[in-house]
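Coordinates in review
What follows is the residue order along each chain.
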Amino acid sequence: MFTVVALAASCTGGPPEGTPSTATPGASIRSSPQPSPSPVVSEQVVLTAGLSETPAAWRKVFFVPFGDRPSELGFKFFHESLNSQPSSFAAAADGSFWIADRWKERLAHYSPKGKFLGAVKVAQPPPGVSIGGLHGRIRDIVFSRERLYALFDPTGGPIAQVGPDGAIRYLRPQFQGRHLWVAEIFPSDAPLTILVGGFVDPEQGFVEDGPTGFFRWDPPGRVEQLEGLPNRKGSSVQLQRLPSPSGTDQDFALHYSAPGQTFVQPFHVEVRTDRGPAGKSLPAEVGPGNMIAAGDDVLMYVMLAPSRARDARRYGGGRWLLRLGRSPVLWERLPDPGISDEPQSRHLALGPDGSIYLMVAEKGGMLILRRPSPS
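As a starting point, this report considers the structure included with it. (Residues numbered from 1 in each chain as written. Predicted model: local features only at pLDDT ≥ 70, side-chain atom pairs only at ≥ 80, totals over all residues. Heavy atoms only, no water.)

**Points about the environment of Met 300**
The line we're drawing: In DSSP terms, a helix is any run of H or I states spanning at least four residues, a strand is any run of E spanning at least two, and both are numbered starting from the N terminus.
Structurally, Met 300 can be placed in strand 23 (residues 297–306). Between the C-alpha atom of Met 300 and that of His 347, which follows or precedes it by 47 residues, the distance is 9.4 Å.

**Topic: unusual backbone geometry**
Cis geometry is adopted by the peptide bond preceding Pro 220, which originates at Pro 219 and carries an omega value of 5°. Positive phi outside glycine occurs at Glu 105, with the angle close to 50°. Following the sequence through the fold, Glu 105 ends up in the loop between strand 5 (97–101) and strand 6 (106–110). The phi dihedral of Gln 176 falls on the positive side, at around 55°, and the residue is not glycine. With respect to the secondary-structure elements, Gln 176 resides in the loop between strand 12 (174–175) and strand 13 (178–187).

**Remarks on the pairing of strand 9 (residues 147–152)**
Worth spelling out the cut-off: Exposure is judged per residue with a 1.4 Å probe applied to protein chains only, and the accessible area is read against the type maximum: over 50% gives exposed, under 20% gives buried, and values in between give partly exposed. At least two bridges found by DSSP between two strands are what make those strands a pair.
Among the 6 residues in strand 9, 5 count as buried, and that is most of the element. What sits between the antiparallel neighbours strand 8 (residues 138–144) and strand 9 is a turn of 2 residues, in which Arg 145 has the positive phi angle 55°. The pairing of strand 9 with strand 10 (residues 159–162) spans 4 bridges and is classified as antiparallel. Within strand 10, the position partnered with Leu 151 by the bridge is Ile 159.

**Here's the deal with the nonpolar core**
The nonpolar side chains of soluble globular proteins are, as a tendency, buried together. Our working rule: Here, nonpolar core refers to any group of buried Ala, Val, Leu, Ile, Met, Phe, Trp, Tyr and Cys residues whose side-chain atoms link them within 4.5 Å. Contacts: residue pairs with any heavy atoms within 4.5 Å of one another.
Counting 33 residues, the largest nonpolar core has Phe 267, Val 269, Met 291, Leu 304, Leu 322 and Leu 324 as its most contacted members. Excluding residues within four positions of it along the chain, Phe 267 makes contact with Gln 44, Val 45, Leu 47, Leu 239, Gln 250, Asp 251, Phe 252, Ala 253, Leu 254, Leu 322 and Pro 328. Counting residues in hydrophobic clusters, the runner-up holds 17 residues, among them Val 61, Leu 73, Ala 91 and Met 366.

**Details of the pairing of strand 25 (residues 328–333)**
With 5 bridges joining them, strand 24 (residues 318–324) and strand 25 adopt antiparallel strand pairing. Each bridged residue has a counterpart across the sheet, and for Leu 321 the counterpart in strand 25 is Glu 332. From the end of strand 24 to the start of strand 25, which pair antiparallel, there are 3 residues.

Okay, here's the thing in structure tokens:
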């Protein structure tokens, strides 16, 4: 799930045709003494992804197989739906890695070279703390301020704060006495940034209308709305899906908020194949995935697939790294997974040295890959 918030369109001239003109929900969470600046709207740009492009070379860090041993990761086979593997991972300040091993209901800890260091059980909260259905399987994990946070499915919470000694504190962000539904968590100086999709009933898991978008959260207390996901420069970005004239999911608007000014850059993702005499553009589905702030940019994992069944069978799809700064750049094609990675919540993580890590699902286990920092 990817939740976005439309930028308030109270500007002179308004947004380009086709851009929703809705006010930012949840603005009452913080008061703003000054009106928001008028956004600078640019002409649409086209980003091209070639399905024949060779994936970039990422260096293998280590591989963890699936299996029943303590050092191995859980895997669930479903006859009538997608298989399910570990959902998320995070790099610690000492260079070690934690993997959200959802089917063993734990956080598995590995050395920088892949040696198993132990695990923390996180699916058995104390009395009075509800983790919802599915035994509270882990959806997402991140490190922030050298502390590990884990987000549970399927109720959008709570969030487990794991201390250095393995002690767990279960927390839920609240506003006006109600629990917020959290779709994703991010490291930040807050110490945590959360992506909110409304209110939630923690016992039943029902999601209701409420505040949406990115929020700074200082657990267990204050919640403050942000313009988007913040980067190191003090700017922030968010992505908004736009209606497409062709009915495909290939049109977006990047909202880049710098101190005192906001830029809106509409863009179209063209998916092409080089097969045939001249190649051709294909109608496609572009699925934005998880985001990380890396240096002065925000990076996004994007899945691309032809929308027509015959094109999908013939050409296949791919994964790309989308770079979101002042303008969007479809940076490079990522290594393809060996099995479906759609159930995977987090594919990218940032290391303590600024390196970017990618967790790829393979037929026999999970592969961690590394790339130098783009900054």
